[in-house]
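Inside the fold
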Amino acid sequence: MLPSHKAVYPGSFDPPTLGHVSVVKRALNVFDKIIVAVAYNPGKKTLFTVDERLELLRDSLAAFPASRVEVDFFQGLTVDYARSQGARAVLRGLRVLADFDFEFQLAMMNNHIDHDIQSVFLMADHQWFFVSSSIVKEAAMFGADVDKLVSPLVAEKLKAKFDRSAKSHLI
Ligand code: ADP
């Protein structure tokens, strides 16, 4: 397909969900190697630190061969990072319609900055269409069971975060 057969899949992954995992699984049919990269943005408030998100991503993606799926983080422009990794494609996921406006704008901007890097969009399997990191966090915060939407470690860490913050509010 693309000359390098390598794609960077950037995102916040705060936390990773099975929707993200499904996008990676599908992408492995297209690319030889996927670098799933946590985009570090100091101005963005996240529930999990970069190190925690890397740990959660490694756990969520453990079923895939390490030679084909790598986990990393970066700061700055995605296209610069992709170029530094020798990747010519930036992979993003799409859910029904909600993502389109933003993803379209982002892809156009990336193309404006660097013509040689192509944005590639894949959908997750249909059962993950409603899943996003933010809806999972919100549900977990109010005590909902999110075990079927994230890896076991992510479910455990979400529970620990919200148990701890609930206790600290009571003090
Ligand atoms: P960002 O803050 O960069 O949007 P996210 O971690 O929320 O980071 O998402 C990373 C990418 O994965 C985005 O392209 C998003 O649209 C996609 N994505 C997230 N969840 C799903 C899902 N359930 N199905 C398909 N794509 C998804």
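Structure first, text after, so check above.
Scope of this entry: the structure provided in the associated data block. Here the residue numbers are simple positions, counted from 1 along each chain's written sequence. Per-residue local features of the predicted model are confined to residues with pLDDT of at least 70, and side-chain atom pairs are confined, for both listing and counting, to 80 or more; whole-chain, interface and lining totals are unaffected and use all residues. Hydrogens are left out, water is left out, and the side-chain values use all remaining heavy atoms of the structure.

The next point concerns the pattern of salt bridges. Salt bridge, as applied in this entry: a Lys or Arg side-chain nitrogen positioned within 4 Å of an Asp or Glu carboxyl oxygen. Under the counting rule described, the total for this entry stands at 9 salt bridges. The salt bridge partner of arginine 92 is glutamate 103, with a shortest N-O separation of 2.8 Å. Separated by 11 residues along the polypeptide, arginine 92 in strand E4 (residues 89-94) and glutamate 103 in helix H4 (residues 100-113) bring together distant segments of the chain. The same class applies to arginine 92 as to glutamate 103, namely buried. Arginine 95 serves as the salt-bridge partner of aspartate 99, at 2.8 Å between the closest nitrogen and oxygen. In this description a helix means any DSSP run of H or I spanning at least four residues, a strand means any run of E spanning at least two, and both kinds are numbered starting from the N terminus. The buried label goes to any residue with under 20% of its type's maximum accessible area, the exposed label to any with over 50%, and the partly exposed label to all in between, with areas taken from a 1.4 Å probe on protein chains only.

We now examine unusual backbone geometry. In the segment running from aspartate 14 into proline 15, the intervening peptide bond is cis, with an omega of 0 degrees. Counting through the fold element by element, proline 15 comes out in the loop between strand E1 (6-11) and helix H1 (18-27). For phenylalanine 13, which is not a glycine, the phi torsion comes out positive at approximately 50 degrees. When you line up the elements, phenylalanine 13 lands in the loop between E1 and H1.

In short, geometric facts, not functional conclusions.
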